[in-house]
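Understanding the architecture of this molecule
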Amino acid sequence: MKLIALTAAATLMASTAAIAQVETRTVTFENEGAILSGTLYLPEVRGDAPLPTVVVTGAWTSVQEQMPANYAREMAERGFAAFTFDFRGWGKSGDLPNNARFVESPEAKTSDIKAAFEFVATLPEVDADHINGLGICASAGYMVDAVAGNPLVDRLGLVAPWLHNKEIVEAVYGGEDGVAGLIEVSHAADAKGGEIIPAAGPEGAEGVLMPIGGYYYEADRGAIPEYDDKWNNAGWEGWLTYHPADNAQRLDKPLAIVHSESAAIPQGVQTFLADFAGEATAEWLEDVTQFDFYDNPEDVTRAADTVADHFRIGLNG
């Protein structure tokens, strides 16, 4: 891995959020027979030339109006076009195969990201030579896999990436026995066509995926009306056996990561970077929690500045 310092690039674009207004446009696109709902974010003040673009994806169980929208606006304020969307089975998008919903499927979500890149490349507002990916939390792994070897994509940014492997999965989910038990839950749910539980709840709540309170449970943060707040137990096996921390060698794009030792599983980022042979920038912020990266204005701004600077480097050719 080659670590580099960020430098100023592409003087035609501001390095801070200087554009006050952002225009949004609702669009749809198709993947594997399903219709997905997306939103294009554009600087309200712009010329006629197509814009460098960022496809933004969010945390597990999330919808596009949550942390993806926050970062899409940040990118548009910095002069980029940005694109968010609901994955199949979530939000306003169509179902997964067999009418499944709320399944955290790394394979399906990676496929959806690839389809999103293909879609935005056709838009007249988008400079198809400068399309970038920005993955937040769980979708960081999906974004890595969607970007790797993809000729449509220029650069990659990851914010608060949740990158786990077998060792980390067992540490987080109760050891080998705990993981095996959750995979049994997954099989049982799949056998009966799915089993839906609440995704978020107050600290200590039973029968809830995330009984931790905080972002997903607070109405002024992630508990917005658009949030499904559901989890399908059929998704456990796909999630637990997906090991993106071990996927660094397949990545062939310049990378910028923003994370914190106070956020989720920093050891996954360290494992990933140790195996990444390409050009990388890693910025570690102090005392920033995982949820802070989703919507705390100061931390979102700092993360957005780092990835925007990284994307601008690509504009210099």
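This report concerns the structure included in the present document. Please read all numbers here as calculations on a predicted model, not as lab measurements.

1. Some words on the overall build of the chain
When you go through the chain residue by residue, the secondary structure sums to nine helices and eleven strands. Relative to its length of 317 residues, the chain is compact, with a C-alpha radius of gyration of 19 Å against a globular reference of 20 Å. In terms of overall dimensions, the chain has C-alpha extents of about 55 × 40 × 35 Å along its principal axes. For the chain, the proportion of its 317 residues judged to be buried stands at 57%. Within the chain, contacts between residues separated by at least 24 positions form 72% of all contacts whose residues are at least 6 apart in sequence. Accessible area for the chain stands at about 12,800 Å²; split by element, carbon and sulfur atoms hold 48% of it. Looking at charge distribution, the chain has the averaged site of its 19 positive side-chain charges lying 4 Å from that of its 48 negative ones.

2. Let's talk about the environment of Ile 196
Looking at the secondary structure, you find Ile 196 in strand β8 (residues 196–198). The exposure class assigned to Ile 196 is partly exposed, which follows from its relative accessible area of 44%. Linking Ile 196 and Ala 234, residues 38 residues apart in sequence, is a C-alpha distance of 8.5 Å. Ignoring anything within four residues of it in the chain, the contact list for Ile 196 reads Arg 101, Phe 102, Lys 230, Trp 231 and Asn 232.

3. Considerations on helix α9 (residues 297–313)
Spanning 17 residues, α9 covers 24 Å between terminal C-alpha atoms, matching the ideal 24 Å at 1.5 Å per step. All of the buried residues in α9 are Asp 299, Val 300, Ala 303, Ala 304, Thr 306, Val 307, Ala 308, His 310, Phe 311, Arg 312 and Ile 313.

4. Describing the pattern of salt bridges
Per the stated rule, a full pass over the model turns up 19 salt bridges. The shortest N-O distance in the salt bridge between Lys 92 and Glu 65 comes to 2.4 Å. Remark: Glu 65 occurs in the loop between β4 (51–57) and α1 (67–77) and Lys 92 occurs in the loop between β5 (81–85) and α2 (106–120); sequence separation between them is 27 residues. Of the residues examined, Glu 65 reaches a relative accessible area of 25% and is grouped as partly exposed. Between Asp 295 and Arg 221 there is a salt bridge; the shortest N-O distance is 2.7 Å. Of this pair, Asp 295 sits in helix α8 (residues 290–295) while Arg 221 sits in the loop between β8 and β9 (230–232), placing them 74 residues apart in sequence. One connected set of salt bridges, linked through shared partners, spans Glu 23, Arg 25, Arg 46 and Glu 125.

5. Considerations on the packing of α1 against α9
With their axes 10 Å apart at the nearest point, α1 and α9 run at an angle of 55° to one another. Taken together, the axes of α1 and α9 lie oblique to each other. Regarding α1 and α9, the two cross each other, and that crossing is right-handed. Contacts between α1 and α9 involve Tyr 71, Glu 74 and Met 75 from the first element and Asp 299, Val 300, Thr 301, Ala 303, Ala 304, Val 307, Ala 308 and Phe 311 from the second. Residue classes in the contact of α1 with α9 are distributed as eight nonpolar, one polar and two charged.

6. Some thoughts on α2
Every α-helix winds through 3.6 residues per turn, so residues three or four apart in the chain are directed the same way. Between its first and last C-alpha, α2 extends 21 Å over 15 residues, near the 21 Å set by a 1.5 Å rise per residue. Of all 15 residues in α2, twelve are buried; the element is thus mostly enclosed. Of all the residues in α2, the buried ones are Pro 106, Ala 108, Lys 109, Thr 110, Ser 111, Asp 112, Ile 113, Ala 115, Ala 116, Phe 117, Phe 119 and Val 120.

7. As for the pairing of β4
Burial runs high along β4: seven of the seven residues are buried. As judged from the three bridges shared by β4 and β5, these two strands associate in the parallel manner. Note on β5: the bridge partner recorded for Thr 53 is Ala 81. On the question of chirality, the crossover connecting β4 to the parallel β5 by way of α1 is right-handed.

8. Topic: the packing of α2 against helix α3 (residues 139–147)
One can describe the packing of α2 onto α3 by two numbers: an axis separation of 8 Å at closest approach and a directional angle of 55°. Here α3 runs oblique to α2, going by the angle between their axes. Between α2 and α3 lies a crossing of right-handed hand. Across from Pro 106, Lys 109, Thr 110, Ile 113, Lys 114 and Phe 117 in α2, the residues of α3 making contact are Tyr 142, Met 143, Asp 145, Ala 146 and Val 147. Across the contact of α2 with α3, the residue classes break down as seven nonpolar, one polar and three charged.

9. Overview of the environment of Pro 198
Topologically, Pro 198 is positioned in strand β8. The exposure class of Pro 198 is partly exposed, given its relative accessible area of 38%. Here the alpha-carbon distance between Pro 198 and Met 67, two residues 131 residues apart in the chain, equals 19 Å. When neighbours within four sequence positions are excluded, Pro 198 is seen to be in contact with Gly 207, Val 208, Leu 209 and Asp 229.

Conventions and cut-offs
- Residues numbered from 1 in each chain as written.
- Predicted model: local features only at pLDDT ≥ 70, side-chain atom pairs only at ≥ 80, totals over all residues.
- Heavy atoms only, no water.
- Helix = DSSP H or I, 4+ residues; strand = E, 2+ residues; numbered from the N terminus.
- Rg over C-alpha atoms; globule rule 2.2 N^0.38 Å.
- Buried < 20%, exposed > 50% of the residue type's maximum accessible area, 1.4 Å probe, protein only.
- Contact = heavy atoms within 4.5 Å.
- Areas by Shrake-Rupley, 256 points an atom, 1.4 Å probe, with all protein chains shown as cover.
- Lys, Arg positive; Asp, Glu negative; His and termini not counted.
- Charge placed at Lys NZ, Arg CZ, Asp CG, Glu CD.
- Expected span 1.5 Å × (residues − 1).
- Salt bridge = Lys/Arg side-chain N within 4 Å of Asp/Glu carboxyl O.
- Axes fitted to C-alpha atoms, helices over the stretch in contact; angles between N-to-C directions.
- Parallel < 35°, antiparallel > 145°, perpendicular 65-115°, else oblique.
- Left-handed = near helix turned anticlockwise from the far one by under 90°.
- Nonpolar A, V, L, I, M, F, W, Y, C, P; charged D, E, K, R; others polar.
- Pairing = 2+ DSSP bridges.
- Right-handed = clockwise from strand over helix to strand, strands pointing away.

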